[in-house]
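Here is what each chain is made of, one letter per residue.
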Amino acid sequence: MTAIQLTGVEKIYKGKVHALRGVDLEVHPGEVFGLLGPNGAGKSTLVKILMTVIRPTRVAGTVLGKPVGDRHTLSRIGYLPEHHRFPPYLKGRQVLEFFAAMSGVSKKDRKKRSEELLEVVGMSDWGKKKVGGYSKGMRQRIGIAQALMNDPELVLLDEPTDGVDPVGRREIRGILARMKDEGRAVFLNSHLLSELEMVCDRVAIMVTGRVLRQGTIQELTEGKRGYAIAGLHPLGDEDVSAARDALAGLELRTEPGQITVLTDDPARVQPAIDALRSRGVVLSSVRPMRPTLEDLFMETVSSDESHGKPGAARGKAATR
Amino acid sequence: MILTQTKALFIDAYRELNARKLFWITMGLNLIVVVVFAGLGIDEEGTSFFVWSFDSPIVNSSRISPELFYKSQFVQWGIPVWLSWVACILALVSTAGMFPDLVSGGVIETMLSRPISRARLFLTKYIVGLLFVALQVLVFSAGCFLIILIRGGSFSPEVFLAVPIVVLFFSYLFSFCALIGLITRSTIAALLLTMLFWCLIFLTNVGDGLLVMEREGRIVRVEDARENLDNQRVFAERRLEQLVSNGTPPRNTEGTEITDPELRLQAANPALKRSGDRLAKAELSAENWSKWAHRMFILKTVLPKTSETTALLDRYLITEDDINDLMREAAGIEDGVDIQAEPSGPAMEDPRAQARAEDAFESRSLAWVVGTSLAFEAVMLGLCLLIFRRRDF
C-alpha cells in the first residue's frame, strides 16, 4: 500500500487561478519524500488538499489506502502547517494534548506521548510554559511534536525547519530519520533544498501547479553525474582535444582549469586521464561530480520559464 | 472519539476565555450585581439599601410582600437590564472573536486536519459560546434564587428559567455574530455589526410598539366616532320627528321639502354629517396605521424577538394577579375599584389603546415569539455551515 498515490489533482480557485494542473505523485511507506518548488507553485495547496483544508476541483487517488478527503484517515496522519499558530494561552504540553485529543487519542496515551515527544524535540523543560513565549524555533519543535502525537503512519510537514537555527535543523533531521526508521512515510514541503537533499529519499519538483520531475536524487541526476579532472595548470585546447578523442563519444564539459566527463562509470574516465598524463599534464585532482538538488531545481524552473508560459502543459513525459 | 474531541474543545474554550480574563470579569460583575440585589430590603417603613433606609408610604412590606418585591426587582432590573443588556454585551465581546480566530490562517489548518467534520467543529464551537453565557446566567440566577429564598421567603426555582431564556435570546445575536465573523474573519467587524443589528432589532421593537399602540388608538377613535355618529343619528331622528310634527319639515335652499331620508336627517342635525365625516376620516387613518403596523409586524416576524423572548420570563415568574396587586398597591387603590383614565391627547396615549396594545402584544403566542426567532437563528446557522463547509482555507 502506498502512503500517498495521486493522479491528476486539479485545483482552480474561484478567481480562476489554476493552482494545480493535474498533479501525479506517489509516496511510499518508510520514505522521506520532499516536495519542492518556487513560491506559488502549489505545494501548500496540494498538502492542504490532502488534509481536507482545501477542496480539490478534481482528485483521484488514495491516502493510506483510503480515498483523498476521507475524514477518518486523518487520525492516522500527522500534519504541521506552514505558518501555524498555536493558541498562545496554551502551554506546550497542553498544545500536544489538545491536538492529540482532537485526533481521538486516549487520555492515557496523550499523557505518555506528550512526555516522550517533548523529550524527542528537546522541549521537556518548556512543556509547562505558554506557547506565547516561545521562539519561532521552539514553536516549530512543538509543531513537529504535535504532528506525531497520534502516532501517525504518514506525516506531512510544511516547512518544518522554517525559523530553526542550524543546531535545531540538525536535530529535526535526526527526528525525520527516526520517523523513517519507525516506518512512517514523511512528506516534506520545503524551500531549503540543501535540507531536503540531506534527508529525502525521493523528491518531486513542482512548478506552476505541475510536478515536472519526480524520483530519487539518483534518478533525477541520471546522465548528469560525472568526474571532474583538474590540472595543476590551466588545460590547453590541445589537452582538451586529446581527452575528448580518448573518451570516444562521451560528453565532456570544459571549465577553466578542469574538464568534466559525464559518466557514472569511473573506468570510462581512465582513457582521458591517460591521454592527459601522456601529454605531460600534471593532474591535481579527479573528483566525482553530481548536480545538487539546487542545480536540478534551478534547471527545472528555468526550463519551465524558458517556454515563456508559466504552468504550460508539459505532459507526463516531463515527470519521472 | 466524538466525546474526546468535544471535551477537548470545551476545555480549550474555557482556557481561551480564562486567558482573556473576560470570563472572570463578567463573573465578578455578576456577583457584584447579586450583592447589590442582596443589599436591597423592604420593611414596614419602606425600603433599604444596605445601611441606608428610605421611608415610603407606598413601597413597604405592608403593601408589597417581600416575595413580590424581590421577584419584581429580578424581573424589572435583573433580566431586562443586567442580563439582557450589560451581561449580553460582555458576552458578545467575549465570544465575538471565537469564529474569526478559528478561521484565521495558521489555526484553521490545524483544526480541519483532524478527524472531525466541519459541521461538528462549527456547531461545537457555537455551543461552547452559548455555554459561556449559560454559565454566567446560572451563577447570577443562583444568587438571585438564594436572595429571593432568604430575604423574600419564597422558594422560586422558576428564577432558573432565566438560564434557557437568556441563552435563547443571546443565541439569536450570537448566530448573527458567528455569520459575520465567518464572512469577514474580523472580530471588530463581527462585534460592531452585531451591535448594529441589535440596534435594528431594538428600533424595530420600538417601532412595532408605537405603531401597534397608535393603530389601537386609531381603532378606539373609530369606535368613538361610530358611537358619536349613532348618538347624532338618534338625536337627528328625534329632531326630525319634532320638526315634522311642528309642520316645519327640513327644506332645501330653494324652499322645497327635502325628500331624501339621509339628507332630511342631516338637515335636522347638521352635526350628523360632521360625525360621518369624522368617522370616515378616522376609518381611513386607522386603515393606514393598520397597514404600517402590519408591515412592521412582517419585518418583526423575520427578525429575532429579543425583548419578547426575555419578557417570557415575566409570564412565568410573576403572575397576572401579582402584577394587578403591584399596580393596585402602587396606585393605592383598594380591591373592587376599577382603574379608569380620561381619554385625551394623541391616540396612543389613550389608556384604552394602551390596554388593547398590551392585549395585542400578549396575544402573540410563545410559538410565534420563539418559533420565528429560532427560524432566524436556523437560517443564520445554515448560512454559517454553508460557508464553513465549502470554504477553502
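The numbers attached to residues start from 1 for each chain and follow its sequence in the written order. Whichever chain is written first is A, and whichever ligand is written first is 1; the rest continue in order. Note on the predicted model: pLDDT of at least 70 is required for a residue's local features to be given, and 80 or more for side-chain atom pairs to be given and counted; whole-chain, interface and lining totals, by contrast, use all residues.

As a further point, take the overall build of chain A. Helix and strand content of chain A: 10 helices and 14 strands. When the 320 residues of chain A are sorted by exposure, 43% land in the buried category. This entry defines residue contacts through backbone-placed C-beta atoms, with two residues in contact when those atoms are within 7 Å. Partitioning the intrachain contacts of chain A with sequence separation of at least 6 by distance along the chain shows that 72% fall at a separation of at least 24. Elements are defined by DSSP. Helices are runs of H or I of four residues or more, strands are runs of E of two residues or more, and each kind is numbered from the N terminus. Remark: C-beta atoms are placed from the backbone, and a residue is labelled buried if 20 or more other C-beta atoms sit within 10 Å of its own, exposed if 12 or fewer do, or partly exposed between those counts.

Each domain span listed reflects an automatic or database assignment of domains. According to the domain assignment, chain A contains domain 1 (4–220) and domain 2 (226–289). Look at where the C-alpha atoms of domain 1 of chain A and domain 2 of chain A centre, and you get two points 44 Å apart.

Before going further, it helps to examine the interface of chain A and chain B. How big an interface is tends to be stated in terms of the accessible area lost upon association of its parts. Across the boundary between the two partners, chain A contributes 24 residues, which contact 21 residues of chain B. Sort the elements by how many residues they give to the side of chain A that touches chain B and helix α2 (residues 92–102) of chain A lands first, with four residues.

Once that is clear, we can look at the confidence of the model for chain B. Residues and elements named next belong to chain B. The predictor attaches a confidence to each residue, and that confidence, scored 0 to 100, is pLDDT. Of all residues in chain B, 93% attain a pLDDT of 70 or more, and the chain-wide mean is 87. Note on residues 333–343: pLDDT under 50 across the span, and six contacts to partners over four residues away in sequence or across chains. Across the whole predicted complex the pTM is 0.81, and at the interface the ipTM reaches 0.80.

Turning to the sheet that holds strand β13 (residues 258–261) of chain A, a few remarks are in order. Strands belonging to one sheet form pairs held by backbone hydrogen bonds; the direction of such a pair is parallel or antiparallel. All names here are of chain A. Spatial ordering of the open sheet is given by β12-β13-β11-β14, a layout of four strands whose pairing is antiparallel. Bordering the open sheet on either side are β12 (252–255) and β14 (283–289), each of which pairs with just one other strand. Between one strand and the next, the sheet's axes are offset by a mean angle of 20 degrees, whatever the strand orientation. Here the rule is simple: two strands pair whenever DSSP picks up at least two bridges between them. In this structure, strand β11 (residues 226–231) lies alongside β14, joined through six bridges in antiparallel fashion. Along β14, the bridge assignment pairs Ala230 with Ser285. Axes, fitted as lines to C-alpha atoms, cover a helix only where it is in contact. Angles between the N-to-C directions of the axes lie from 0 to 180 degrees. Those strands touched by helix α8 (residues 237–247) are β12 and β13, and its axis lies near 165 degrees from that of β12. With respect to the sheet, helix α9 (residues 270–278) is in contact with β11, β13 and β14, its orientation differing from that of β14 by roughly 165 degrees.

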